[in-house]
Every structure is written in structure tokens, then in C-alpha cells.
Amino acid sequence: QVQLVESGGGSVQPGGSLRLSCAASGPISRIFLMRWYRQAPGKEREMIAWIYSVGSTNYDDSVKGRFTISRDNAKMTTDLQMNSLKPEDTAMYYCNMDLSTTSESGARGYWGQGTQVTVSP
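Notes on the structure follow.

Cut-offs used in this document
Residues numbered from 1 in each chain as written. Predicted model: local features only at pLDDT ≥ 70, side-chain atom pairs only at ≥ 80, totals over all residues. Heavy atoms only, no water. Pairing = 2+ DSSP bridges. Helix = DSSP H or I, 4+ residues; strand = E, 2+ residues; numbered from the N terminus. Axes fitted to C-alpha atoms, helices over the stretch in contact; angles between N-to-C directions.

A few points about the pairing of strand β5 (residues 46-51)
Part 1 of the argument: With five bridges connecting them, strand β4 (residues 28-39) and β5 associate as antiparallel partners. From the neighbouring strand, R38 faces β5, where its bridge partner is E46.
Part 2 of the argument: In textbook terms, the turn of a hairpin is the stretch between consecutive antiparallel strands, and for β4 and β5 this stretch comprises six residues, one of which, G42, has a positive phi near 80°.
Part 3 of the argument: Count of turn residues in the β5/strand β6 (residues 57-59) antiparallel hairpin: five residues, of which G55 carries a positive phi of about 105°.

Quick look at the structure:
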């Protein structure tokens with residue numbers, strides 16, 4: 001079955017950096033959109049960055065200029081480089097991919113299990 005596994009979360013001081021990675025595995029035929037979401041305690045999950053298969057990117061205003069999303073289509077991975085981290089970036093971070101499999105027609109979204117990012121002095 002398809003699996004998405006995030007890694008790279010942890011604790012960092014304000015102003016620090018972290019790099020998150022998400023790797024997809026399984027009977028995947030094609031990956032379209034890759035996204036990063038985050039969810040802080042007591043808040044709704046929000047989409048913060050996304051990247052199309054051709055490499056074009058978009059960011060939520062809250063992370064624009066500080067976070068950079070990238071992807072490697074051959075490795076079926078997406079990374080989120082997070083710089084100048086702030087306490088308000090503290091959240092569980094999830095990757096999401098729209099992909100098609102070798103056994104299903106069409107594409108649908110898949111989620112990773114999440115990785116915790118904590119920014120505090």
C-alpha cells in the first residue's frame with residue numbers, strides 16, 4: 001500500500017532552522033501535487049506550501065520568505081526547508097500528496113503521519 005513517511009522534526013530555538021522530508025513508497029504510478037500542512041494545538045490544519053509536478057511553488061503568507069518546498073520526482077520525496085523559525089511555527093507538520101497508483105484509476109490524496117516541530121527559547 002502507499003505510505004508517506006515524514007522525518008526531520010524536532011525542537012529548535014527561535015531563529016533556527018529545520019529541514020523536513022517526506023518520502024512516498026508503494027505501487028505509485030505518478031505523483032501530482034505535493035503539499036505541506038501544519039496543525040497547532042487547538043487550531044485547524046492549514047496548508048502552508050505546495051509544489052506542482054513541474055516545480056512551481058506557492059506558500060502561505062505566514063511562511064513566505066522563510067520556508068522553501070522542493071521535490072525530487074525520481075525519489076518520490078518532498079522537503080520543506082524552514083528558516084528563521086518562530087514560536088508560532090510550533091505545530092505538527094504533515095505532508096500530503098495527490099497521486100495515482102498502479103491499481104486505481106484517477107488520483108487521490110494521501111497523508112503522512114506527521115512530525116512535530118517545536119520552536120521555543
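A word on the sheet that holds strand β3 (residues 18-25)
Part 1 of the argument: Judged by pairing direction, the sheet is antiparallel, and its four strands sit side by side in the order β1-β3-β8-β7 without closing on themselves. Each edge of the open sheet is held by one strand with a lone partner, namely β1 (3-7) and β7 (67-72). Looking at each pair of strands side by side, their axes are set apart by 15° on average, direction ignored.
Part 2 of the argument: Two elements, β3 and strand β8 (residues 77-82), share six bridges in a ladder whose sense is antiparallel. Note that in β8 the partner of A23 across the bridge is T77.

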